[in-house]
Amino acid sequence: MKLEVAASQLESLGNPTRLRLYRALVRAGVDGLPVGGLQQKLNIPASTLSHHCRKLINAGLVTQERNGTTLICRANYKAMTSLVGYLADECCADGACEERRVTAEA
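Notes on the structure in this doc start here. Computed from a predicted structure; not experimentally measured.

## Focus: the sheet that holds strand β2 (residues 62–67)
Taken in spatial order, the three strands line up as β1-β3-β2 in an open sheet, and their pairing is antiparallel. Only two strands of the sheet have a single neighbouring strand rather than two, namely β1 (33–34) and β2. Contacts from helix α2 (residues 16–28) reach β1, β2 and β3 (70–75) within the one sheet, and its direction differs from that of β3 by about 90 degrees.

Pasting the structure below:
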């Protein structure tokens with residue numbers, strides 16, 4: 001993953017409303033949630049939800065699909081896994097991890 005992509009995704013998750021929205025979609029699983037259901041779950045106006053969804057879509061963390069008259073939002077699990085992997089890939093590469101140190105001392 002490129003640094004710029006990771007930075008964009010982390011920036012989009014840096015807003016409390018977007019983080020709540022994203023977590024709701026992650027919890028929903030592969031079926032996702034309709035926009036109306038998200039609006040009700042998060043108790044936010046439609047225009048606000050649309051704005052936050054757009055930010056997450058532009059960052060590649062969320063997808064939307066029209067199913068008849070319903071707009072379904074889904075977490076992009078591949079992007080989420082890549083972002084988490086990017087953050088953890090080089091964990092303690094240049095030194096000892098705190099977790100390892102605590103385990104060794106115990």
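## Let's talk about the nonpolar core
By size, the foremost hydrophobic cluster in this structure holds 20 residues, and its most contacted members are L21, Y22, L25, L38, L49, L56 and L61. Put simply, the parts of the chain that give this core at least two residues each are α1 (3–13), α2, α3 (35–42), α4 (46–58), β3 and α5 (77–88). Residue contributions to this core peak at four residues, all from α2. Ignoring sequence-local partners within four residues, the contact set of Y22 consists of L13, L56, L61, V62, A75, N76 and M80.

## Looking at α1
Here α1 has its buried residues at A6, Q9, S12 and L13. All buried residues of α1 fall inside an arc of 130 degrees around its axis, so they share one side. Turned more than 90 degrees off the buried face of α1, the exposed positions are L3, E4 and E11. Contacts from the buried residues of α1 go to α2, α4 and α5.

## Considerations on the environment of S50
Summarising the element assignment, S50 is placed in helix α4. By relative accessible area, which is 47% here, S50 ends up partly exposed.

## Quick look at the state of the cysteines
For the structure shown, the criterion picks out zero disulfides. With no disulfide of its own, C53 lies closest to C73 among cysteine sulfurs, the gap being 4.1 Å.

## Quick look at the packing of α2 against α3
Angle between the axes and distance between the axes are the two parameters that describe a pair of packed helices. Two elements in contact, α2 and α3, have axes separated by 11 Å at closest approach and are oriented at 120 degrees. Classified by the interaxial angle, the pair formed by α2 and α3 is oblique. As α2 packs across α3, the resulting crossing turns out to be right-handed. Residue-level inspection shows R20, L21, A24 and L25 of α2 in contact with α3, the latter providing L38, K41 and L42. For the contact of α2 with α3, the residue count by class is five nonpolar, no polar and two charged.

Conventions used here
- Residues numbered from 1 in each chain as written.
- Predicted model: local features only at pLDDT ≥ 70, side-chain atom pairs only at ≥ 80, totals over all residues.
- Heavy atoms only, no water.
- Pairing = 2+ DSSP bridges.
- Helix = DSSP H or I, 4+ residues; strand = E, 2+ residues; numbered from the N terminus.
- Contact = heavy atoms within 4.5 Å.
- Axes fitted to C-alpha atoms, helices over the stretch in contact; angles between N-to-C directions.
- Core = buried A, V, L, I, M, F, W, Y, C linked by side-chain atoms within 4.5 Å.
- Buried < 20%, exposed > 50% of the residue type's maximum accessible area, 1.4 Å probe, protein only.
- Arc of directions from axis to C-beta.
- Disulfide = S-S within 2.5 Å.
- Parallel < 35°, antiparallel > 145°, perpendicular 65-115°, else oblique.
- Left-handed = near helix turned anticlockwise from the far one by under 90°.
- Nonpolar A, V, L, I, M, F, W, Y, C, P; charged D, E, K, R; others polar.

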